[in-house]
Amino acid sequence: MQHIAQIALLVPDYDAAIDFYCSVLGFTLVEDTALSDTKRWVIVKPPGASEKAAALLLARAASPEQKAAIGSQAGGRVFLFLETDDFQRDYDRMVAAGVPFEEVPRHETYGSVAVFQDPFGNRWDLIERR
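None of these values were measured; they are calculated from a predicted model.

### Quick word on the nonpolar core
Part 1: Of all hydrophobic cores here, the largest spans 30 residues; its most connected members are Y21, F27, L56, L58 and F116.
Part 2: For this core, the secondary structure elements donating two or more residues are strand 1 (6-11), helix 1 (14-24), strand 3 (40-45), strand 4 (55-60), strand 5 (80-83), helix 3 (87-96), strand 7 (111-117) and strand 8 (123-129).
Part 3: Looking at this core element by element, the count peaks at 7 residues for helix 1.

### Concerning the side chain of D125
Part 1: Relative to the helices and strands, D125 is located in strand 8.
Part 2: The charged side chain of D125 is buried without a salt bridge, its nearest counter-charge being R106 at 4.8 Å.
Part 3: Beyond its immediate chain neighbours, meaning those up to four positions away, D125 contacts V78, L80, F81, L82, V113, A114, V115 and F116.

### Details of the sheet that holds strand 6 (residues 106-108)
Backbone hydrogen bonds hold the strands of a sheet together, and the pairing may be parallel or antiparallel.
Part 1: The strand order across the open sheet formed by 4 strands is 5-8-7-6, and the pairing between neighbours is mixed. Pairing within the sheet leaves two strands with one partner each, and these edge strands are strand 5 and strand 6. Each neighbouring strand pair of the sheet contributes to a mean axis angle of 30 degrees, computed without reference to strand direction.
Part 2: Where strand 7 lies against strand 8, 7 bridges are found, and the strand directions are antiparallel.

### So, the pairing of strand 3
Part 1: When strand 2 (residues 28-34) meets strand 3, the two strands line up antiparallel, connected through 6 bridges. Bridge assignment links D32 to a residue of strand 3, and that residue is V42.
Part 2: As paired strands, strand 3 and strand 4 are joined by 3 bridges and run antiparallel to one another. The residue bridging I43 from the neighbouring strand is L57, located in strand 4.

Here is what the cut-offs are and how they apply
Residues numbered from 1 in each chain as written. Predicted model: local features only at pLDDT ≥ 70, side-chain atom pairs only at ≥ 80, totals over all residues. Heavy atoms only, no water. Core = buried A, V, L, I, M, F, W, Y, C linked by side-chain atoms within 4.5 Å. Buried < 20%, exposed > 50% of the residue type's maximum accessible area, 1.4 Å probe, protein only. Helix = DSSP H or I, 4+ residues; strand = E, 2+ residues; numbered from the N terminus. Lys, Arg positive; Asp, Glu negative; His and termini not counted. Salt bridge = Lys/Arg side-chain N within 4 Å of Asp/Glu carboxyl O. Contact = heavy atoms within 4.5 Å. Pairing = 2+ DSSP bridges. Axes fitted to C-alpha atoms, helices over the stretch in contact; angles between N-to-C directions.

What follows is the structure, given as structure tokens:
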């Protein structure tokens, strides 16, 4: 059996990323381990995610190439998909917390969806599938 354990997400600063994902989006800080004076192993997961669900590995950009890729790891496309069991609840909470949405919610044949951005420029879908 295989599964995707983590997805590395380039960020400019560990603490700013932890603050957004945990304080604003409500993710759980799974691990924050210092590996050196400048490198940490930081893993966050959405609330209610199962043990085997993929997590985000917040990776502080360390080179000019990595810094240039922050917010554009998917070339401008939606990069990550945050699936919810209650779209309206999470949308309302995120709007109240100041999360910038690029559009009003859409109700498609596959479910309710709206694109938002994290503070680092990554585009996300908030989605509740039918």
